[in-house]
Amino acid sequence: MKNDLAGQAYLGLGIGAVYSNKLDDAKADFEKVATMDTDPTDLIRAGRSLLDAKKYADSLVWFQKAIDFPNVPDPIKQIAQKDKDRAQAMLPKK
């Protein structure tokens, strides 16, 4: 439970860092979320904050981590996949 709460705190710090345009800090905070938190929806929230900040490629990592999370329920996996598809569609075409 302590790690879950700490992970949620790092999620908040990471989201704040995204909107302050401190992407290295955000990535470090989100990595802590991925290792401490047992809720895959927090990884989706991390990805969505990057998506909102138009960091589409960076958001893909977090949606994939949510999909790959151990024992993730299918509905959560589907949400993460839809967000990942949306981010992928927003990437500039080469």
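Here, the structure is the one placed above.
Undergrad: Explain the packing of aromatic side chains to me, please; I cannot follow it from the model alone.
TA: Per the stated rule, a full pass over the model turns up one aromatic pair. Both rings, one in F30 and one in W62, keep their centres 5.7 Å apart while their planes meet at 70°; by these two values the pair is edge-to-face. A residue pair is termed long-range when its members are at least 10 positions apart, and F30 in helix 2 (residues 23-36) and W62 in helix 4 (residues 56-68) qualify at 32 residues. Each member of the pair F30 and W62 is classed as buried.

Undergrad: I'm lost on the pattern of salt bridges in this one. Help?
TA: Pairs may arise between side chains of opposite charge once their charged atoms sit close together. Taken as a whole and judged by the stated rule, the model has five salt bridges. The residue D58 makes a salt bridge to K27 at a minimum N-O spacing of 3.5 Å. Highlighted residues: D58 in helix 4 and K27 in helix 2, separated in sequence by 31 residues. Where K65 meets E31, a salt bridge forms, and the shortest distance between an N and an O atom there is 3.3 Å. Of this pair, K65 sits in helix 4 while E31 sits in helix 2; the two residues are 34 residues apart in sequence, bridging distant segments of the chain. By relative accessible area, K65 is classed as partly exposed at 28%.

Undergrad: How do you make sense of the environment of L11 when you look at a structure like this?
TA: Structurally, L11 is set in helix 1 (residues 2-19). Relative accessible area serves as the criterion here: at 8%, L11 is assigned to the buried category. Separated by 35 residues in the primary sequence, L11 and A46 place their C-alpha atoms 6.8 Å from one another. Contacts of L11, omitting those with residues within four sequence positions, involve F30, V33, D42, R45 and A46.

Undergrad: Any chance you could explain the side chain of S59 here in plain terms?
TA: Mapped onto the elements, S59 comes out in helix 4. Reaching out from S59, the side chain makes a polar contact with the backbone oxygen of Y56 at a distance of 2.7 Å. Apart from residues no more than four positions distant in its own chain, S59 is found in contact with G47, L50, L51 and A87.

Conventions we followed
Residues numbered from 1 in each chain as written. Predicted model: local features only at pLDDT ≥ 70, side-chain atom pairs only at ≥ 80, totals over all residues. Heavy atoms only, no water. Phe/Tyr/Trp six-rings, centres within 6.5 Å; stacked < 30°, edge-to-face > 60°. Helix = DSSP H or I, 4+ residues; strand = E, 2+ residues; numbered from the N terminus. Buried < 20%, exposed > 50% of the residue type's maximum accessible area, 1.4 Å probe, protein only. Salt bridge = Lys/Arg side-chain N within 4 Å of Asp/Glu carboxyl O. Contact = heavy atoms within 4.5 Å. Polar contact = N/O pair within 3.5 Å; in protein donor to acceptor, adjacent residues only side chain to side chain.

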